[in-house]
Amino acid sequence: MFLFEVKSRLKSLPPDHAEGRFQFFTRAALDGLSLPQTDREQIWPWFWRYRGGFFAAHCHCHPTDAMTGRSKSPQLKDIGLVTVDWGLWTDFMDEPIIDLHSDDYFMREALRQAVRAYEADEVPVGAVIAREGRIIARAFNQVEQLKDATAHAEMLALTQAEETVGDWRLTDCTLYVTKEPCPMCAGAMVHTRLRAWCSARAIRKAARPAGR
């Protein structure tokens, strides 16, 4: 199950569909609605508690109507993690939690792009550009597909980012790429005034213990 929150103010409702119709309700009105027990007692309370982040729920259904709930949350900014227990407590708090604003997360997204390049028989290079903690551009090497020697992942990502920002200056953006940039891409990164760039090699170096 996925729960989405629309940040921008809606001026009209989507049309009716096979599963029902949309309607606006205030937070206070939720208690008077015919909602499933799980939504009323678990999902919505935790939505309000962890609003602005996310929570994960693990449900174990039993024939009985008895329902118990327990929650735990890591002390991470903008992230909430919840486990719902239906008679069987499953604690997955020991699993690694990905900080969605970390260099590691953005580099993983760049690696996903590199996989796409590999699957397309391109040199496996991927790049993403982040701004204010959000990815605004994703690209992978497409030299062979586009028959363009300049279609490197970094170049394509820079073009996307410029379109998103509405300016050629990317002074508040950070580029993550899976390998060291070539002279062409390095030059373009300088010209666009990137705040910073990071390669997988640089992250590996930073993660090594001192003395190695």
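Residues numbered from 1 in each chain as written. Predicted model: local features only at pLDDT ≥ 70, side-chain atom pairs only at ≥ 80, totals over all residues. Heavy atoms only, no water.

### Considering the environment of Ala139
On the secondary structure map, Ala139 appears in strand S2 (residues 134-140). In this structure the C-alpha to C-alpha distance between Ala139 and Met155, which are 16 residues apart in sequence, comes to 8.5 Å. Contact partners of Ala139, with chain neighbours within four places excluded, come to Gln113, Gly126, Ala127, Ala153, Leu156, Ala157 and Gln160. (Helix = DSSP H or I, 4+ residues; strand = E, 2+ residues; numbered from the N terminus. Contact = heavy atoms within 4.5 Å.)

### Quick word on the sheet that holds strand S3 (residues 173-177)
Spatial ordering of the open sheet is given by S2-S1-S3-S4, a layout of four strands whose pairing is mixed. Each edge of the open sheet is held by one strand with a lone partner, namely S2 and strand S4 (196-199). Each strand axis lies, on average, 20 degrees off the axis of its neighbour in the sheet, ignoring direction. Two strands pair when backbone bridges link them, and S3 and S4 are joined in this way by four bridges, in the parallel orientation. Bridging across to S4, Val177 finds its partner in Ser199. (Pairing = 2+ DSSP bridges. Axes fitted to C-alpha atoms, helices over the stretch in contact; angles between N-to-C directions.)

### Some points on a nonpolar patch on the surface
A grouping of Leu10, Leu13, Phe22 and Phe24 is seen on the molecular surface, where their side chains present a nonpolar patch of about 380 Å² in accessible area. Within the secondary structure, Leu13 sits in the segment before helix H1 (37-49). (Patch = residues over 30% accessible without salt bridge, like charges linked within 9 Å, V, L, I, M, F, W, Y side chains within 5 Å. Areas by Shrake-Rupley, 256 points an atom, 1.4 Å probe, with all protein chains shown as cover. Salt bridge = Lys/Arg side-chain N within 4 Å of Asp/Glu carboxyl O.)

### Focus: the packing of helix H4 (residues 153-165) against helix H5 (residues 183-191)
Two elements in contact, H4 and H5, have axes whose closest approach is 9 Å; the angle formed by their N-to-C orientations is 25 degrees. With respect to H5, the element H4 is oriented roughly parallel. Regarding H4 and H5, the two cross each other, and that crossing is left-handed. Contacts from Glu154, Met155 and Leu158 of H4 reach H5 at Met184, Cys185, Ala188 and Met189. Here the contact of H4 with H5 is built from residues that sort into six nonpolar, no polar and one charged. (Parallel < 35°, antiparallel > 145°, perpendicular 65-115°, else oblique. Left-handed = near helix turned anticlockwise from the far one by under 90°. Nonpolar A, V, L, I, M, F, W, Y, C, P; charged D, E, K, R; others polar.)

### Structural notes on the pairing of S2
With respect to burial, S2 is a largely interior element, five of its seven residues being buried. The loop that links strand S1 (residues 126-131) with its antiparallel partner S2 comprises two residues; one of these, Glu132, has a positive phi angle of about 55 degrees. (Buried < 20%, exposed > 50% of the residue type's maximum accessible area, 1.4 Å probe, protein only.)

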